[in-house]
Amino acid sequence: MMETQPARIVANHLSKTFGRLRAVSDLSFTVEPGSVTGFLGPNGAGKTTTLRMILGLARPSDGDATIAGRHYVDLSDPARMVGAVLEANSFHPGRTARNHLLIYCAAACLPDTRADEVLAQVNLTGAARSRTGGFSLGMRQRLALATALLGDPRVLVLDEPANGLDPEGISWLRGFLRHMADAEGRTVLVSSHVLSEVEQTVDRVVILSKGRLIREGSLDELHAEGTAWAAVSSPDTAGLRTALATIEPVVTVTDEPDGTLRIVGATAAAVGHAAWAHNVELHQLTSERASLEELFLKLTGEGEA
Amino acid sequence: MIALLRAEWRKLFSTRLWWGMLLGAVAFTALSVVAQLATNGLPRSDAPPLQTGVEQRAILASASTGYIFALVVGIIFMTTEFRHFTSRPTFLTEPRRGRVITAKLVMGAGLGILYGLVCSAVASAITIPWYSAKGITMDWGGNDLFWVLLAVLAVIAIYAVVGVGIGVLIRNQISAVIGALVYLFIVESIIRGLSALWTWLADIDKFLPGSAAAAVTQIDAGRGDSSVTLLAPWGGALVLGAWGLFFALVGWAVLVQRDVA
């Protein structure tokens, strides 16, 4: 009965304290099936701690987290429900990649053929019978992902999966995660400390800073929050200012270091019209918008430093 | 549970640990058996003659020195999960940690039995031809020699379980191995030395793991060291097994509370 519940991840007032350090404070958010959700925040924001609490590896000091309505420890078949990639070094160096996977096939009552299937899925078939001790970081990431995929899980949780992947691998991962969410309707939660890294992959974001929730919403909503302005320059700056003063409603004008004026509160078209009406010559007129990365840094307080 | 046992089986036999340590146990056993056989009858040796049942028992019982390797293999088998962070996929696949520990203990016992069988076989394979070369007959029935081999098997198997138990409690591999060996070879020796002075300490001493193990094979008592009081063989086996379960239970109680790295 419970298995028919949507495979939604719910964090409910999660808190985690290490001694006197409050790593995660009263954190609540929801991750929906059929979407890729970016779990973002600077290093040390509490992302990994939160993921470990969701996965039952760490015990919350307060609050709880559920997957498809259950605590991780109460999942009847965890490997078929959740696949997780934490740091990519959870292998015995003396064991081959295939033997590593066969262990979890046995533990989760999966057929051994799954090991070969997931190795092929992450393009690691050639290294199946090599000891993991000699693997590069990229190969470890792939094997960690293969381990997560063994049970063909409905939920994927990945902690900084792009670390150590080459550009080709990152682009492959992007396509893979999109496919998991779009075509197969799975729930994907992927953490990163760099927004630009996942910007092209995620639909939704949960942004964390110093253990607290800063934003939760769609990427479009976040985009809309970015400040827009018009950048304009003229050889006749005094005339331009006079022209700008006639725009209704009133706009704010600031001098930029490069000699342009930044106008907030009017479109580039409105600025161009005002200049034309006052016979002012323009050398530049563009629409600008704060990038997601700038906004992200502002939100997480990183930009202040 | 069967799934978890299969997983532990695969863990054990997919690295070099089990046979590497087994080779060590075989070499160590062979060395101590040969040493006893070769030195017997030398002018300075005070060992009873090879013909006596006491000496025959003592020689075969020296195969139990393989316990050191069984103990260490048990510790490593458990702590390697924490050392290489395979504890993560392990507990993600089976979040009920107590079941994982149980499977580990069972596999530890199985591995210990294998080690015990091999060590007993090595001791017999050296002793039997040695005796026949000397023209001395070994009285297997009359001298309880089969029981000695069984005791060797029991000590080695239980020590492997103790090792797994220690590994649950002390998750740092190096600390666990060094701590266990220091305890057995230094701490217990000191206690044993002091128990010759204070009789009340001797009453505690016989319940310590090392003394309990010695009780199973009666190897120390067989040498006529009257200051050492040992439990009966079956009592020693029970006490040693209880130590293994004690470590595992305390370790389990700590592990279910703790966060896994």
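Our structure is the block above this text.
Residue positions are counted from 1 within each chain, in the order its sequence is given. Just so you know, chain letters begin at A and ligand numbers begin at 1, following the order they were written in. The predicted nature of this model means local features are confined to residues of pLDDT at least 70 and side-chain atom pairs, given and counted, to a pLDDT of 80 or more, with totals for whole chains, interfaces and linings taken over all residues.

## Considering the overall build of chain B
Item 1. In DSSP terms, a helix is any run of H or I states spanning at least four residues, a strand is any run of E spanning at least two, and both are numbered starting from the N terminus. Counting its regular elements, chain B contains 11 helices and 0 strands.
Item 2. Mapped from its N terminus to its C terminus, chain B presents α and β elements in the order α-α-α-α-α-α-α-α-α-α-α.
Item 3. Three classes are used. A residue is buried when 20 or more other C-beta atoms lie within 10 Å of its own, exposed when 12 or fewer do, and partly exposed in between, with C-beta atoms placed from the backbone. Residues classed as buried in chain B amount to 46% of the 261 residues present.
Item 4. Taking the intrachain contacts of chain B between residues at least 6 apart in sequence as the baseline, contacts between residues at least 24 apart amount to 80%. Contact criterion: two residues are in contact if their C-beta atoms, reconstructed from the backbone, are within 7 Å.

## Section: the interface of chain A and chain B
Accessible area lost upon the coming together of the parts serves often as the stated size of an interface.
Item 1. Residue-level contacts link 28 residues of chain A with 23 residues of chain B.
Item 2. Contributions of two or more residues to the side of chain A that touches chain B are made by α2 (78–81) and α3 (97–107) of chain A.
Item 3. At 6 residues, α3 of chain A tops the list of elements feeding residues into the side of chain A that touches chain B.
Item 4. We call Asp, Glu, Lys and Arg charged. Ala, Val, Leu, Ile, Met, Phe, Trp, Tyr, Cys and Pro are nonpolar, and the rest, Gly among them, are polar. Along the lines of polarity and charge, the residues of the side of chain A that touches chain B split into 18 nonpolar, 7 polar and 3 charged.

## Considerations on the packing of helix α10 (residues 209–217) of chain B against helix α11 (residues 233–257) of chain B
Residue and element names in this part refer to chain B.
Item 1. With their axes 7 Å apart at the nearest point, α10 and α11 run at an angle of 145° to one another. Of the two elements, α10 crosses α11, and the hand of that crossing is left-handed. Here Pro 209, Ala 212, Ala 213, Ala 215 and Val 216 of α10 lie close against α11, whose contacting residues are Pro 233, Gly 235, Gly 236, Ala 237, Val 239, Leu 240 and Trp 243.
Item 2. The residue makeup of the contact of α10 with α11, split by class, is 10 nonpolar, 2 polar and no charged. Inter-axis angles, ranging from 0 to 180 degrees, are taken between N-to-C directions of lines fitted to C-alpha atoms, where helices are fitted over the stretch in contact. Throughout, a crossing is termed right-handed when the near helix is turned clockwise from the far one, and left-handed when it is turned anticlockwise from it by less than a right angle.

## So, the sheet that holds strand β7 (residues 187–192) of chain A
All names here are of chain A.
Item 1. What the 6 strands build is an open sheet, ordered β5-β6-β7-β3-β8-β9; its pairing is mixed. Among the strands making up the open sheet, the edge pair consists of β5 (82–85) and β9 (212–218). Shown here is a sheet whose adjacent strand axes are inclined to one another by a mean of 15°, direction ignored.
Item 2. What makes two strands pair is DSSP finding at least two bridges between them. In this structure, strand β3 (residues 36–40) lies alongside β7, joined through 5 bridges in parallel fashion. What sits directly across from Leu 40, in β7, is Ser 192.
Item 3. Where helix α6 (residues 167–182) meets the sheet, its contacts fall on β3, β6 (155–159) and β7, and the angle it forms with β7 comes to roughly 150°.

## A look at the nonpolar core
Residues and elements named next belong to chain B.
Item 1. Defined on buried residues, the nonpolar core groups Ala, Val, Leu, Ile, Met, Phe, Trp, Tyr and Cys residues joined through C-beta atoms within 7 Å. Counting 147 residues, the largest nonpolar core has Val 152, Ile 156 and Ala 160 as the members making the most contacts within it.
Item 2. No other element matches the 18 residues that helix α7 (residues 145–169) contributes to this core.
Item 3. Contact partners of Ile 156, with chain neighbours within four places excluded, come to Ser 64, Gly 66, Tyr 67, Ala 70, Gly 112, Tyr 115, Gly 116 and Cys 119.

## A look at helix α1 (residues 47–54) of chain A
All names here are of chain A.
Item 1. In terms of burial, α1 is a largely internal element, 7 of the 8 residues being buried.
Item 2. Within α1, burial applies to Lys 47, Thr 49, Thr 50, Leu 51, Arg 52, Met 53 and Ile 54.
Item 3. Residue Gly 56 follows α1 closely and has a positive phi angle near 75°.

## Points about the environment of Ala 70 of chain B
Residue and element names in this part refer to chain B.
Item 1. Mapped onto the secondary structure, Ala 70 falls in helix α4 (residues 67–83).
Item 2. Between the C-alpha atom of Ala 70 and that of Val 155, which follows or precedes it by 85 residues, the distance is 9.4 Å.
Item 3. Leaving out residues up to four positions away in the same chain, Ala 70 has contacts with Ala 25, Gly 112, Tyr 115, Ile 156, Tyr 159, Ala 160 and Gly 163.

## Quick look at the pairing of strand β12 (residues 261–264) of chain A
All names here are of chain A.
Item 1. Across the two faces of β12 the burial differs, with Leu 261 and Ile 263 buried and Arg 262 and Val 264 not buried at all.
Item 2. Note: strand β10 (residues 228–233) against β12, 3 bridges, orientation antiparallel. From the neighbouring strand, Val 232 faces β12, where its bridge partner is Leu 261.
Item 3. The pairing of strand β11 (residues 252–255) with β12 spans 4 bridges and is classified as antiparallel.

## Structural notes on unusual backbone geometry
Leaving glycine out, the prevailing phi sign among residues is negative, and the prevailing peptide bond configuration is trans.
Item 1. Look at the link from Glu 248 of chain A to Pro 249 of chain A: it is a cis peptide, with omega at -15°.
Item 2. At Asp 152 of chain A, a residue that is not glycine, the phi angle is positive and equals roughly 50°.
Item 3. Tracing the sequence through the fold places Asp 152 of chain A in the loop between α5 (137–149) and β6.
Item 4. Phi is positive for Phe 85 of chain B, close to 60°, though the residue is something other than glycine.

## Looking at the environment of Trp 130 of chain B
Item 1. If you trace the backbone, Trp 130 of chain B turns up in helix α6 (residues 97–134).
Item 2. Spatially, the C-alpha atoms of Trp 130 of chain B and Thr 86 of chain B are 46 Å apart, while their sequence positions differ by 44 residues.

## So, α6 of chain B
Item 1. Between its first and last C-alpha, α6 of chain B extends 55 Å over 38 residues, near the 56 Å set by a 1.5 Å rise per residue.
Item 2. Phi turns positive, to about 75°, at Gly 135 of chain B, one or two residues after α6 of chain B. Expected span of a helix: the number of residues minus one, times 1.5 Å.

## Concerning the packing of helix α1 (residues 2–13) of chain B against α6 of chain B
Residue and element names in this part refer to chain B.
Item 1. It is at 9 Å that the axes of α1 and α6 come closest, and there the two elements cross at 55°. In terms of orientation, α1 lies oblique with respect to α6. By crossing handedness, the relation of α1 to α6 is classed as right-handed. Of the residues in α6, those in contact with Leu 4, Leu 5, Glu 8, Trp 9 and Leu 12 of α1 are Arg 99, Val 100, Ala 103, Lys 104, Val 106, Met 107 and Leu 111.
Item 2. Taken together, the residues of the contact of α1 with α6 sort by class into 9 nonpolar, no polar and 3 charged. Convention used here: angles under 35 degrees read as roughly parallel, angles over 145 as roughly antiparallel, angles from 65 to 115 as roughly perpendicular, and any remaining angle as oblique.

None of the figures reported here should be taken as evidence of function without further support.
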